[in-house]
Amino acid sequence: MVSNDAVPDLRFIHLAVHASFIDIVRRGALATNGMPCFNKVMDVQNAEAVHDYILDEANKEMERRQNPDSDWWKDIKVKVYSGIGKLLHKVM
Ligand code: HEM
């Protein structure tokens, strides 16, 4: 689902890929490129459930990007992280 690009990050797949999801996952449409065919371990219902989950995570990620941390939360994070930094500096 979340990838460093060794395989595609499924939160960012193209609309056309969503449309071909079942072909890719259950019919091996990209098997020659290294994407395994999961027809023996996933029926259509399972594959659709996985697809729904991917759509959910894609939407959550889009929302996260559209609503980044508010300023007060960023301030708190900066204070906490720099506090931890100072503490580590003293200990080490
Ligand atoms: C339930 C698990 C998985 C799902 C739902 C899934 C789904 C997908 C989808 C939808 C694509 C097309 C992405 C695109 O073209 O933008 C893709 C591509 C790919 N997947 Fe998976 N995948 C799964 C597991 C795996 C695993 C286990 C491997 C490796 C062993 C793998 C390897 C790849 C590779 C190499 C591609 C790129 C194929 C290409 O460039 O044409 N995937 N996968």
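Residues numbered from 1 in each chain as written. Predicted model: local features only at pLDDT ≥ 70, side-chain atom pairs only at ≥ 80, totals over all residues.

Quick word on the site of the ligand
Piece 1. Close to the ligand lie 15 residues; P8, L30, N33, G34 and M35 are nearest.
Piece 2. For the shell around the ligand, the element with the most residues is helix 2 (residues 21-26), which contributes 3 residues.
Piece 3. Per-class residue counts for the shell around the ligand are 12 nonpolar, 3 polar and no charged. (Near = placed C-beta within 6 Å. Helix = DSSP H or I, 4+ residues; strand = E, 2+ residues; numbered from the N terminus. Nonpolar A, V, L, I, M, F, W, Y, C, P; charged D, E, K, R; others polar.)

As for the confidence of the model for the chain
Piece 1. On average, residues of the chain carry a pLDDT of 95, and 100% of them reach 70 or more.
Piece 2. Mean pLDDT across the secondary structure elements of the chain bottoms out at helix 4 (residues 71-91), with 94, and peaks at helix 2, with 98. (pLDDT = per-residue confidence, 0-100.)

Re helix 4
Piece 1. Over its 21 residues, helix 4 extends 30 Å from the first C-alpha to the last, a length consistent with the 30 Å expected when each residue adds 1.5 Å.
Piece 2. In terms of burial, helix 4 is largely open, as just 0 of its 21 residues are buried. (Expected span 1.5 Å × (residues − 1). Buried ≥ 20, exposed ≤ 12 C-beta atoms within 10 Å, placed from the backbone.)

A closer look at helix 3 (residues 44-66)
Piece 1. With 23 residues, helix 3 should reach 33 Å at 1.5 Å per residue; the first-to-last C-alpha distance of 33 Å fits that figure.
Piece 2. In terms of burial, helix 3 is largely open, as just 0 of its 23 residues are buried.

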